[in-house]
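Architecture at a glance
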Amino acid sequence: MALTKENSASIISKFGANDKDTGNTKVQIALLTERIKQLTEHSKRFPKDATAKRALLKDVGQRRRLMRYYQRKDLDAYRQLIKDLGLRK
């Protein structure tokens with residue numbers, strides 16, 4: 001269920017300033033979004049997997065907190081990130 005190295009590297013290169021920019025808020029939100037998508041699909045296939053549901057809720061909460069911070073920090077970049085990731089407000 002974890003992100004593959006290739007998948008995470010492509011996300012980091014797309015949203016980060018360089019290939020080692022993993023601490024950037026945009027990169028963290030994008031990585032969490034991809035992990036949430038994977039966990040959602042997993043939970044649909046295995047509805048009794050309580051550990052995956054707990055991890056999903058934990059990641060959604062973490063992404064929500066990061067997005068709230070990013071919205072306060074830079075509103076225009078926040079709106080662009082939502083558009084790029086296909087999220088709704």
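Residues numbered from 1 in each chain as written. Predicted model: local features only at pLDDT ≥ 70, side-chain atom pairs only at ≥ 80, totals over all residues. Heavy atoms only, no water.

1. Focus on the overall build of the protein chain
What counts, and what does not: For helices the rule is a DSSP run of H or I covering at least 4 residues; for strands it is a run of E covering at least 2, with both sets numbered from the N terminus onward. For the radius of gyration, the atoms used are the C-alpha atoms, and the globule rule reads 2.2 Å times the number of residues raised to 0.38. For each residue, the accessible area found with a 1.4 Å probe, counting protein chains only, is set against the maximum for its type, and the residue is called buried under 20%, exposed over 50%, and partly exposed in between.
Looking only at helices and strands, the protein chain features 4 helices and 0 strands. A globule of 89 residues ought to have a C-alpha radius of gyration of about 12 Å, and the protein chain, at 14 Å, matches this closely. Seen through its principal axes, the protein chain has C-alpha atoms that stretch 40 × 30 × 20 Å. With 89 residues in all, the protein chain has 34% of them scored as buried.

2. Description of the packing of helix 3 (residues 50-73) against helix 4 (residues 75-85)
The line we're drawing: Note on geometry: axes are C-alpha line fits, over the in-contact stretch for helices, and angles between N-to-C directions span 0 to 180 degrees. Any angle that falls under 35 degrees is termed roughly parallel, while one over 145 is termed roughly antiparallel, one within 65 to 115 roughly perpendicular, and all others oblique. In what follows, residue pairs with any heavy atoms lying within 4.5 Å of each other are defined as contacts.
Contact geometry of helix 3 with helix 4 gives a least axis separation of 6 Å together with a crossing angle of 135°. One finds that helix 3 runs oblique with respect to helix 4. In this structure, helix 3 contributes Met67, Tyr70, Gln71 and Lys73 to the contact, and helix 4 contributes Leu75, Ala77, Tyr78, Leu81 and Ile82.

3. Some remarks on helix 4
Note the threshold: The directions from the helix axis to the C-beta atoms form the arc being described.
Listing the buried residues of helix 4 in full gives Tyr78, Leu81, Ile82 and Leu85. End-on view of helix 4: buried residues confined to an arc of 100°, all on one side of the axis. Helix 4 presents Asp76, Arg79 and Lys83 as exposed residues on the side facing more than 90 degrees away from its buried surface. Buried residues belonging to helix 4 abut helix 1 (5-15), helix 2 (25-45) and helix 3. Where helix 4 terminates, the next one or two residues include Gly86, which has phi positive at roughly 75°.

4. A word on the nonpolar core
The tendency in soluble globular proteins is for nonpolar side chains to be buried as a group. As a reminder of what qualifies: By nonpolar core we mean a set of buried residues, namely Ala, Val, Leu, Ile, Met, Phe, Trp, Tyr and Cys, connected to one another through side-chain atoms within 4.5 Å.
Counting residues in hydrophobic clusters, the biggest one holds 15 residues, and the most contacted among them are Phe15, Ile29, Leu81 and Leu85. Secondary-structure elements contributing two or more residues to this core are helix 1, helix 2, helix 3 and helix 4. Per-element tally for this core: the top contributor is helix 2, with 5 residues. Not counting residues within four places of it along the chain, the set of residues in contact with Leu81 comprises Phe15, Lys26, Ile29 and Tyr70. Of all hydrophobic cores here, the second largest spans 5 residues; its members include Ile36, Leu39, Ala52 and Ala55.

5. Quick word on a positive patch on the surface
Stated precisely, the cut-off is as follows: Exposure above 30% relative accessible area and the absence of a salt bridge qualify a residue for a patch, where like charges join within 9 Å and nonpolar side chains (Val, Leu, Ile, Met, Phe, Trp, Tyr) within 5 Å. Only the protein chains shown count as covering a residue, and every accessible area follows the Shrake-Rupley method with a 1.4 Å probe. Here a salt bridge means any side-chain nitrogen of Lys or Arg lying within 4 Å of a carboxyl oxygen belonging to Asp or Glu. Within this scheme the basic residues Lys and Arg register as positive and the acidic residues Asp and Glu register as negative, but His and the chain ends are omitted. Lysine's charge is taken at NZ, arginine's at CZ, aspartate's at CG and glutamate's at CD.
Residues Arg64, Arg65, Arg68 and Arg72 make up a contiguous surface patch of positive charge. Residue placement: Arg65 occurs in helix 3.

6. Regarding the environment of Tyr70
Topologically, Tyr70 is positioned in helix 3. Tyr70 sits 44 residues away from Lys26 along the chain, and the two C-alpha atoms are 8.1 Å apart. In contact with Tyr70, other than residues within four places in its own chain, are Thr25, Lys26, Ile29, Leu75, Ala77, Tyr78 and Leu81.

Any functional reading would require information beyond the geometric quantities listed.
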